[in-house]
Amino acid sequence: MSRRRKAGAGQDELPRWLADAYAPAYRTAFLFLRNRSDAEEAVQDAFLRAWRFRSALPSDEGVRPWLYRVVVNACLSKLRADRSRLTRSVAYDDAATNVTDDSDPDSPASAAEASEARSAVIDAIADLPEHLRVVVVLRYYAQLSEKEIATAIHRRSGTVKSRLHEAKLRLGADSRLAAHAGVAAFTTEVGP
Amino acid sequence: MIDDAVLESLVREAADAVEVPPDGPSRVLAARDRLLTRRHRVPALADRLHAGAGWIRRRPSRTALAALASVVIVAALAGALAGLSSSTSSPRSSSAARLPHFSTGPAANPLTHGAAESGGAPGVPASSPPAGGTSPNQVPPGPSQVIKTGSLTLQVRPGQVDAVTGQLTSITVGLNGFVANTTSSSTSGQPATAQITLRVPSSSFETLLGRLPPLGTVTQETIGGQDVSSQYVDLNARLQSLQDARTQFQQILTRAQSISDILAVEQQITNLQTQIEQIQGQLRVLDDQTTYGTLTVDVVDKAGAAAPPSGGITKSWHHALHSFAAGFDSVVAALGGIAIFLVCALVLGALGWLGWNVVRRRLV
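Numbering of residues begins from 1 in every chain and follows the order in which that chain's sequence is written. Both sets of labels track the order of writing: A upward for chains, 1 upward for ligands. Per-residue local features are limited, in this predicted model, to residues with pLDDT of at least 70; the limit for side-chain atom pairs, both in listing and counting, is 80 or more; totals at the level of whole chains, interfaces and linings are taken over all residues. Note that water and hydrogens are dropped before the side-chain values are worked out from all heavy atoms of the structure.

### Digging into a nonpolar patch on the surface
Residues and elements named next belong to chain B. Residues Val-331, Leu-335, Ile-338, Phe-341 and Leu-342 make up a contiguous nonpolar surface patch of roughly 490 Å² in combined accessible area. Take Val-331: it is sitting in helix H10 (residues 312-363). Burial status follows relative accessibility: with a 1.4 Å probe on protein chains alone, a residue under 20% of its type maximum counts as buried, one over 50% as exposed, and anything between as partly exposed. Accessibility expressed as a relative area gives 44% for Val-331, which makes it partly exposed. Like charges are joined within 9 Å and nonpolar side chains (Val, Leu, Ile, Met, Phe, Trp, Tyr) within 5 Å, but only among residues with over 30% relative accessible area and no salt bridge; these make up the patches. Areas reported here follow the Shrake-Rupley algorithm with a probe of radius 1.4 Å; residue values treat only the protein chains shown as occluding. By definition here, a salt bridge exists when the distance from a side-chain nitrogen of Lys or Arg to a carboxyl oxygen of Asp or Glu is within 4 Å. Comment: elements are numbered from the N terminus, with helices defined as DSSP H or I runs of at least four residues and strands as E runs of at least two.

Right under this line is the structure:
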């Protein structure tokens, strides 16, 4: 069986991709960029690019990392094109007004606390360097394996592993996450 | 360090709470449709490149083939450029020997620039042939000028090196020649040797060569003659032209009015005089070399001459050593060229691979 799909063969795949992957791709881009309009632009660019080069699409099990790779590249291009963006907190506030709140409507305190927790997580991730942010989002949100992440960012698995380790150390030292995750959530590194 | 499960939970919860724009997918489809209406039938260059990249990527052998082809093409281009540059660089032409072009126009000569305005002034000196007859710049053809040189090794009986050297001197003097240089070596325990440089009139060079065999055994001889007639004619022609030009400038000098004009003309005369003297010097050297032939004789005591291999195993051993050394030289020369080519090919291949990776990443 051919590992590659032929260009232009059969049905239009873009609507199916959008139905399956637009939401996670948008949220991934938002976690990178912290800005709704930028995330939307990056995701649009990514899907259009993926559609244009669909002849180079890998086999089914490789589509997800391939698509995420396109999304990551689009986000990184966006980041590099605009280094002088505004403060992240402002961008998050824009998104926060449209955040779906599944918490108990009868408990405003719990809703506020949940919102604060989400804000803390996104702030903590946003404060990570780009190369660590990418692996955290792809691993813990997109749930790609280390090998798939390596394919997505075009690095070796060992590099992905070390970056994940470093990211977890940094996030573990972030007081904002500690306040919302609780003491039991943190493990102590036992040296050799 | 934060726990994996907790971090995943936090991240997913935070991300899932982000509202996705409901019209996002439709905007992507609309953008795609705009692309389709705008795009030509022929795919964009990036599409073609990516299609080509995919074709190559599917087979590692094609990747290697593409890299090798690029290396060969670049190497061929580099070789063509090198050959082109070497062919365009010409050896020093005889134009360097031409006279200085002092008749370019008014700007080249301050006198004519001013004189042209006043009218009736003498023009810039130029070598123009007189009406009828040969030009004074042309040197009538003469006999061939040949530089005769030679070297030979003369083996003499033991203890006869000094005597034979004396005989050679007598012969040379008898032919109206002279001994240019003599060196001798006589160390105890070592056979005596001597080297003597003889100079005789060219017409007597062959006579000198004929007087040597009775003195000993000629074991090595190199005789040559270099025809320098054209060089001689060329130098004479240049000399004549320079002398004519100098004469005319000297005439101009007598009519110079201002100090600046006088200085300019004198400078020209000085330059010409320098060149004249250089050429005269070259002619003197040529005259000397063509007038007298030069023969260098190495007088060697027979006892000190290297005994040739007696034959048999010794001779074969010497032959084998010589062949091995020659063969080794050839192999090293060939390998050196191949090694340099391989290094260049590797460097170009690595650069091409890196560049291809960069291009490929940018396509997706």
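There is more to say after this.
### Section: the environment of Ala-192 of chain B
Residues and elements named next belong to chain B. Looking at where Ala-192 falls in the secondary structure, it is placed in the loop between strand E2 (178-185) and strand E3 (193-201). Between the alpha carbons of Ala-192 and Val-300 there is a distance of 6.8 Å; along the sequence they are 108 residues apart. In this analysis, two residues are considered to be in contact whenever any of their non-hydrogen atoms come within 4.5 Å of each other. Once you skip the residues sitting within four places of it in the chain, Ala-192 turns out to touch Val-161, Ser-185, Ser-186, Val-299, Val-300 and Asp-301.

### Here we look at the packing of aromatic side chains
How two aromatic rings sit relative to each other is given by the distance of their centres and the angle of their planes. When two rings of Phe, Tyr or Trp (its six-membered ring) have centres within 6.5 Å they constitute a pair, described as stacked for plane angles under 30 degrees, edge-to-face for angles over 60, and tilted for the intermediate range. By the definition in use, this model includes four aromatic pairs over all chains. Here a set of aromatic residues connected by ring pairs shows up, and it is made of Tyr-22, Tyr-26 and Phe-47 of chain A. The ring centre of Trp-51 of chain A lies 5.4 Å from the NZ or CZ of Arg-32 of chain B, which sits over that ring. Put simply, a charge is over a ring when the Lys NZ or the Arg CZ is close to the ring centre, within 6 Å, and near the line of the ring normal, within 35 degrees.

### Digging into the pattern of salt bridges
For the structure shown, the criterion picks out nine salt bridges over all chains. Between Asp-123 of chain A and Arg-34 of chain A there is a salt bridge, with the nearest N and O atoms lying 3.1 Å from each other. Placement of Asp-123 of chain A in helix H5 (residues 108-126) and of Arg-34 of chain A in the loop between helix H1 (14-33) and helix H2 (36-52) is noted, with a sequence separation of 89 residues between them. Of the charged contacts, one joins Glu-206 of chain B and Lys-148 of chain B as a salt bridge, the two residues approaching to 3.2 Å between their closest N and O atoms. Of this pair, Glu-206 of chain B sits in helix H7 (residues 205-210) while Lys-148 of chain B sits in strand E1 (residues 146-156), and the two are 58 residues apart along the sequence. One network of salt bridges, with partners in common, ties together Glu-40 of chain A together with Asp-23 and Arg-27 of chain B.

### Focus on the environment of Gln-278 of chain B
Residue and element names in this part refer to chain B. Mapping Gln-278 onto the fold places it in helix H9 (residues 259-291). Given a relative accessible area of 49%, Gln-278 falls into the partly exposed group. Here the alpha-carbon distance between Gln-278 and Leu-239, two residues 39 residues apart in the chain, equals 9.3 Å.

### Topic: the confidence of the model for chain B
All names here are of chain B. The predictor attaches a confidence to each residue, called pLDDT, with possible values from 0 through 100. Mean pLDDT over chain B works out to 77, with 70% of the residues at or above the 70 mark. In the model, residues 89-140 has pLDDT below 50 throughout and makes 52 contacts with residues more than four positions away in sequence or in other chains. Here the predicted complex carries an ipTM of 0.76, next to a pTM of 0.40.

### Some thoughts on the side chain of Arg-34 of chain A
On the accessibility criterion, Arg-34 of chain A (1% relative accessible area) is buried. We call two N or O atoms a polar contact when they sit within 3.5 Å, provided that within protein one can donate a hydrogen and the other can accept it, with sequence-adjacent residues counted only if both atoms are side-chain atoms. At a separation of 3.1 Å, a polar atom in the side chain of Arg-34 of chain A contacts the side chain of Asp-123 of chain A.

### Examining H2 of chain A
By this rule the span expected of a helix is its residue count minus one, scaled by 1.5 Å. The terminal C-alpha atoms of H2 of chain A, which comprises 17 residues, lie 24 Å apart, in line with the 24 Å expected from a rise of 1.5 Å per residue. Listed as buried for H2 of chain A are Asp-38, Ala-39, Glu-40, Ala-42, Val-43, Ala-46, Phe-47, Leu-48, Ala-50 and Trp-51 of chain A. Lining the buried residues of H2 of chain A we find H1 and helix H3 (63-81) of chain A together with helix H2 (24-38) of chain B.

### Considerations on the sheet that holds E3 of chain B
All names here are of chain B. Pairing is mixed across the open sheet formed by five strands, whose spatial order is E2-E3-E5-E1-E4. The sheet is open, and its two edges are formed by E2 and strand E4 (217-227), each paired on a single side. Strand-to-strand, the axes of this sheet are offset by a mean angle of 10 degrees, without reference to chain direction. Should DSSP find at least two bridges between two strands, the strands are taken to pair. The pairing of E1 with strand E5 (residues 292-301) spans eight bridges and is parallel. Within E5, the residue paired with Leu-154 across the bridge is Val-299. Lines fitted to C-alpha atoms define the axes here, with helix axes fitted over just the stretch in contact, and angles between the N-to-C directions of these axes take values from 0 to 180 degrees.

### Observations regarding unusual backbone geometry
Glycine aside, residues mostly have negative phi angles, and peptide bonds mostly take the trans form. Positive phi values are uncommon outside glycine, yet His-154 of chain A reaches one of about 60 degrees. Looking at the secondary structure, you find His-154 of chain A in the loop between helix H7 (146-153) and helix H8 (157-172). The backbone of Asn-176 of chain B sits at a positive phi, close to 65 degrees, despite the residue not being glycine. Classification of Asn-176 of chain B as exposed rests on a relative accessible area of 60%.

### Here's the deal with the packing of helix H6 (residues 130-140) of chain A against H8 of chain A
Residues and elements named next belong to chain A. Contact geometry for H6 and H8: axes closest at 9 Å, N-to-C directions at 95 degrees. Classed by the angle they form, the pair H6 and H8 counts as roughly perpendicular. Residues His-131, Leu-132, Val-135, Val-136, Arg-139 and Tyr-140 of H6 touch H8, and the partners they reach there are Val-160, Arg-163, Leu-164, Glu-166, Ala-167, Lys-168, Arg-170 and Leu-171. Here the residues of the contact of H6 with H8 are counted per class, giving eight nonpolar, one polar and five charged. The scheme is simple: roughly parallel for angles under 35 degrees, roughly antiparallel for over 145, roughly perpendicular for 65 to 115, oblique for anything else. In the scheme used here, Gly and all other residues not listed as nonpolar or charged are polar, with Ala, Val, Leu, Ile, Met, Phe, Trp, Tyr, Cys and Pro taken as nonpolar and Asp, Glu, Lys and Arg as charged.

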